[in-house]
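A look at the structure
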Amino acid sequence: MCGIVGYLGFQDPKKVIVEGLKRLEYRGYDSAGIAVIHDNKIKTVRAEGKLKALEDKLATENFNGHLGIGHTRWATHGAPVEKNAHPHRVGEISIVHNGIIENYLDIKRELLDRGAKINSDTDSELVAHLINEEVLKTQNLFQAVQKTLGRLVGAFSIVVIWEKSPDELVAFKDGPPLIVGLGDKENFIISDVQAALQYTKNYVYLEDREIVHIQNKEVRYFSADAKPIEKKVNHLNWGTEQIEKMGFKHFMLKEIYEQPRAVAAAIQPHLNPETHQIEIKNLNFKSSSKEVFNKIERILFVACGTSYYAALVGKYLIEKTSRVPVDVDVASEFRYRQPIIQKNTLVVTISQSGETADTLAALRLAKDLNTHTLSITNVPQSSIDREAEGHLYMNSGVEVGVASTKAFTSTLALLNLLALEIAKARGHLTVAAENQAVKNLLAVPSQLETVLAFDKYFSEAAEKLKEFKGFLYLGRGVSYPIAMEGALKLKELAYLHAEGYAAGEMKHGPLALIDSRMAIVVVAPTDDLIEKTVSNLQEAKARGGKIISIGTGENEALKSMSEYYLSLPVADWMTNPLIATVPLQLMAYHLADSLGLDVDQPRNLAKSVTVE
Ligand code: F6R
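Quick caveat: nothing in here was measured; it's all calculated off a predicted structure.

**As for the domain arrangement of the protein**
Splitting the protein by domain gives domain 1 (3-242), domain 2 (245-451) and domain 3 (455-594). Facing the 13 residues of domain 1 at the interface are 12 residues of domain 2. Overall, the association of domain 1 and domain 2 removes approximately 1200 Å² of surface from exposure, summing both partners, and the carbon and sulfur fraction of that is 53%. It is Tyr-205, Trp-238 and Gln-242 that lose the most area in domain 1 upon contact with domain 2, and together they represent 37% of the buried surface on that side. For the interface between domain 1 and domain 2, the tally reads two salt bridges. We note a salt bridge from Arg-364 to Asp-208, for which the minimum N-O separation is 3.3 Å. Inspection of the domain 1/domain 2 interface yields three residue pairs in polar contact (both at pLDDT 80 or more). For the side of domain 1 that touches domain 2, the residue count by class is six nonpolar, three polar and four charged.

**Some thoughts on the nonpolar core**
By size, the foremost hydrophobic cluster in this structure holds 96 residues, and its most contacted members are Phe-293, Ile-299, Phe-301, Ile-318, Ile-350, Tyr-473 and Met-587. If you tally residues by element for this core, the top one is helix 13 (residues 406-425), at 13 residues. Residue-level mapping places this core at the junction of two domains, with at least three residues from each of domain 2 (245-451) and domain 3 (455-594). Beyond its immediate chain neighbours, meaning those up to four positions away, Ile-299 contacts Ile-318, Val-324, Pro-325, Val-326, Asp-327, Leu-346, Val-348 and Ile-422. In this structure, Val-18, Val-36, Leu-197 and Trp-238 belong to the second largest nonpolar core, which totals 34 residues.

**Some thoughts on the sheet that holds strand 21 (residues 372-377)**
With respect to topology, five strands assemble into an open sheet ordered 19-18-20-21-22, the strand pairing being parallel. One side of each edge strand has no neighbouring strand; the edge strands of this open sheet are strand 19 (326-330) and strand 22 (390-393). Neighbour-to-neighbour, the strand axes of the sheet open up by a mean angle of 20°, direction not taken into account. Summarising the sheet, strand 18 (residues 298-303) and strand 19 pair through five bridges and their orientation is parallel. Its bridge partner being in strand 19, Ile-299 is matched across the sheet by Val-326. Lying over the sheet, helix 9 (residues 305-322) contacts strand 18, strand 19 and strand 20 (345-351), oriented at roughly 175° with respect to strand 19.

**Quick look at the sheet that holds strand 7 (residues 154-162)**
Strand order in this open sheet of seven strands is 5-6-7-8-12-13-14, and the pairing throughout is antiparallel. The sheet is open, and its two borders are formed by strand 5 (88-90) and strand 14 (228-229), each paired with just one other strand. As paired strands, strand 8 (residues 168-174) and strand 12 (residues 210-215) are joined by six bridges and run antiparallel to one another. If you follow Leu-169 over to strand 12, its bridge partner there is Ile-214.

**Thoughts on the packing of aromatic side chains**
On inspection of all chains with the given rule, the structure shows nine aromatic pairs. An angle of 50° between the planes, with centres 5.3 Å apart, marks the rings of Tyr-7 and Phe-188 as tilted. Of this pair, Tyr-7 sits in strand 1 (residues 3-8) while Phe-188 is found in strand 10 (residues 187-190), placing the two residues 181 residues apart along the sequence. Judged by relative accessible area, Tyr-7 falls into the buried class, the value being 0%. When the ring of Phe-142 is compared with that of Phe-222, the centres are 4.6 Å apart and the planes differ by 55°; the resulting orientation is tilted. Highlighted residues: Phe-142 in helix 5 (residues 141-149) and Phe-222 in strand 13 (residues 218-223), separated in sequence by 80 residues. When its relative accessible area of 11% is taken as the criterion, Phe-142 is described as buried. Using a relative accessible area of 10% as the deciding quantity, one classes Phe-222 as buried. Every member of this aromatic cluster is reached through a ring pair, and the members are Tyr-7, Phe-188 and Tyr-199. The positively charged end of Lys-14 is found above the aromatic ring belonging to Phe-63, 5.2 Å away from the centroid. Of note, Arg-603 hangs over the ring of Tyr-495, and the distance from its end group to the ring centre comes to 3.9 Å.

**Details of unusual backbone geometry**
Of the consecutive residues His-86 and Pro-87, the connecting peptide bond is found in the cis state with omega at -5°. Here Pro-87 is to be found in the loop between strand 4 (67-73) and strand 5. Within the chain, Lys-185 stands out as a residue other than glycine whose phi angle is a positive 60°. Relative to the elements of secondary structure, Lys-185 occurs in the loop between strand 9 (179-182) and strand 10. Even without being a glycine, His-276 presents a positive backbone phi close to 55°.

About the thresholds
Residues numbered from 1 in each chain as written. Predicted model: local features only at pLDDT ≥ 70, side-chain atom pairs only at ≥ 80, totals over all residues. Heavy atoms only, no water. Domains from an automatic or database assignment. Contact = heavy atoms within 4.5 Å. Buried area = accessible area lost by both parts, 1.4 Å probe. Salt bridge = Lys/Arg side-chain N within 4 Å of Asp/Glu carboxyl O. Polar contact = N/O pair within 3.5 Å; in protein donor to acceptor, adjacent residues only side chain to side chain. Nonpolar A, V, L, I, M, F, W, Y, C, P; charged D, E, K, R; others polar. Core = buried A, V, L, I, M, F, W, Y, C linked by side-chain atoms within 4.5 Å. Buried < 20%, exposed > 50% of the residue type's maximum accessible area, 1.4 Å probe, protein only. Helix = DSSP H or I, 4+ residues; strand = E, 2+ residues; numbered from the N terminus. Pairing = 2+ DSSP bridges. Axes fitted to C-alpha atoms, helices over the stretch in contact; angles between N-to-C directions. Phe/Tyr/Trp six-rings, centres within 6.5 Å; stacked < 30°, edge-to-face > 60°. Lys NZ or Arg CZ within 6 Å of the ring centre and 35° of its normal.

What follows is the structure, encoded as C-alpha cells:
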C-alpha cells in the first residue's frame with residue numbers, strides 16, 4: 001500500500017510527482033505529500049485526504065528545483081491526518097516510506113532516550129531520525145541510508161533526499177515494490193510503472209534488499225551490504241491510453257467495458273484459431289508443462305479477494321475436466337497454518353497486482369516446501385511473477401479502479417485454458433472436446449459485447465436494488481463463486497451488506513434472513529444444476545424473498561419468480577462464469593454511482609495490498 005514517487009531531472013518536480021501520484025492513488029488515498037529541494041532548502045507540502053487536497057495547497061506554492069519525493073498514503077501506523085502524512089522531514093533529511101517497520105517501538109524508545117523530538121505517530125518518521133543522525137556523522141547520504149538499514153526489521157521501501165545534496169536520491173526495497181524508471185536526462189523511483197509511463201518505457205525492478213543510488217544522471221545499484229550489482233533494464237510496451245479514462249465516467253466503467261478485449265488478449269496467445277487447439281505458451285516450468293501436468297497429484301490455489309473467487313471457479317473447472325483434486329486457500333490463512341503440501345502438488349498463486357503481501361508470502365512458503373509453482377498475474381515483472389516457477393499472464397492492461405473487474409474475467413479465461421491443458425496432458429480431453437472448448441472460448445469476447453449492450457437493464461436493476469437493506473447472492477456449482485464475487489463488488493462499491501451463498505445452503509440458516517427488505521440476487525445460467533437452483537429459489541420465494549435473477553435467454557421458470565430478470569447469451573458451463581460476472585459488476589457500479597460514492601476509490605481500500 002502507499003504510492004511513492006521520487007524524481008530527479010529537468011522538469012518541475014512538483015508537476016511530475018503529482019502526476020505520478022495521481023496514477024498511484026489506487027494504492028492509498030488517506031493523505032498525500034511532496035518534498036522538493038528548492039534553493040538548497042527542502043520545501044514540504046502535505047495534506048489530509050485525497051490528492052486533490054494536496055493539489056489545492058500546491059496551487060499557491062512557487063517553489064520548483066529539479067529533485068523531489070512524493071507519497072500517497074494508506075494509513076497503517078497513525079491516523080490519516082496531516083502530521084502523519086509523508087514525506088517526513090527530520091533535520092536535513094526527508095523520507096517517503098511504504099510498508100511497516102516492525103521494531104518501531106524499540107527504535108522510538110531509543111530515540112526518545114537520546115532526546116529526539118518525535119512529531120508524528122508513524123514508524124516512518126523514526127527511520128528519518130535514524131538516517132538524519134547518520135548523515136550528520138558521515139556527511140554521505142548513501143552511507144547514512146545503508147547504515148540505517150541494518151537497524152530496521154519489517155517489510156518496507158523508502159526513498160530519501162538530503163537537503164545538502166540537491167542532485168541525489170537514495171532508495172531501498174525490502175518488501176513493497178520499488179521500480180526505477182530510466183528516462184532521457186531524468187530518472188524516477190516509483191511504486192508502479194504507471195507513475196512514469198508518460199515519460200519512459202524503460203524500467204529496472206529492484207529486488208528485496210537492493211539499494212539504488214541516483215546522483216545527477218548516474219544510476220547505480222547495490223546490495224544491502226553496499227556491493228555494486230548489475231541490473232537488467234526491462235522495456236515495457238504499454239501506451240498511455242491504459243492510464244486514461246478515455247471518455248468513461250470512471251476507470252472502473254472503462255475497465256468493465258474493456259473486458260471483451262481483455263479476455264481476447266488473455267486467451268489469444270494460447271489458442272490456435274485454425275486447428276482449434278490449445279497450446280499454452282511460455283509457461284516456463286523447469287520441466288515441460290506436459291510432464292508437470294501429468295505428474296501432479298493435487299493443485300492448490302492461493303489468492304486473496306476477487307482473485308480468491310477466481311481460484312474457486314478454477315477448482316470447479318479443473319476437477320471436472322481433469323479429475324485432479326484442487327484446494328483453494330485464502331493466502332492470509334494459508335501462510336500461518338503450517339500447510340501440508342505433498343510431493344507433486346502444483347501451487348498456483350493468482351494476483352492481479354502480483355504484489356499482494358499475503359499471496360507473495362504464500363508463494364515463498366510453497367517454494368520453500370519444494371513444490372512446483374505457477375503464478376497468474378496481470379503485471380509482468382511484479383514480485384509474484386518474478387518469483388514463481390511458471391507464469392501465465394492476464395494481459396488485461398492496467399487496472400486502475402480499485403475494484404477488480406477485467407482482471408477477474410481474464411483470469412477465468414486463463415483458468416479455462418489451464419483446466420483444458422491439464423485435462424489434455426492427462427488424457428481426459430478428446431480432440432473433438434478440445435476443439436469445441438476452444439470455439440466456446442473464442443466466442444466469449446462477442447458474448448461479453450452482447451451482455452455489455454444490455455447495460456441499461458443493469459442500471460435499471462441497480463435502481464431496484466436501492467429498495468433493499470441486505471443482499472444474498474446465490475449460485476450453485478461454478479456460479480457459486482461468481483455469486484460471492486458479485487456480493488464483494490456490492491460491498492466494496494456501495495457499502496451495503498451482501499453475502500455470497502451456495503444456493504443449496506439457504507435452508508441451513510440464511511432462509512431465516514428472508515423478509516421484504518432482503519434481496520436475493522441469483523446467478524443461474526442454464527447448466528446441469530439450473531433446476532436445483534430454481535427449486536432453492538422457490539423455497540425463498542415461498543417465504544417472501546424478492547428475487548433478481550440472471551439466467552440464460554428467456555428462462556420462463558426463473559422469470560416468473562423474479563422481480564427483475566436479466567438475460568445472458570447461451571454459453572457453455574465453463575464460460576458461463578465470464579459472462580455472468582458482467583451484470584453483477586455493472587449493477588454494483590450503477591448502484592454505487594447513483595448513491596454518489598467514489599467507485600474508483602472506495603473508502604478504506606487500496607488496490608495493491610502490500611502489507612499483511
Ligand atoms: C476486489 C479486489 C480485491 C483484490 C485483492 C487481491 O475488487 O480488487 O479483493 O482482488 O486485494 O489483489 P491481487 O489480485 O492484486 O492480489
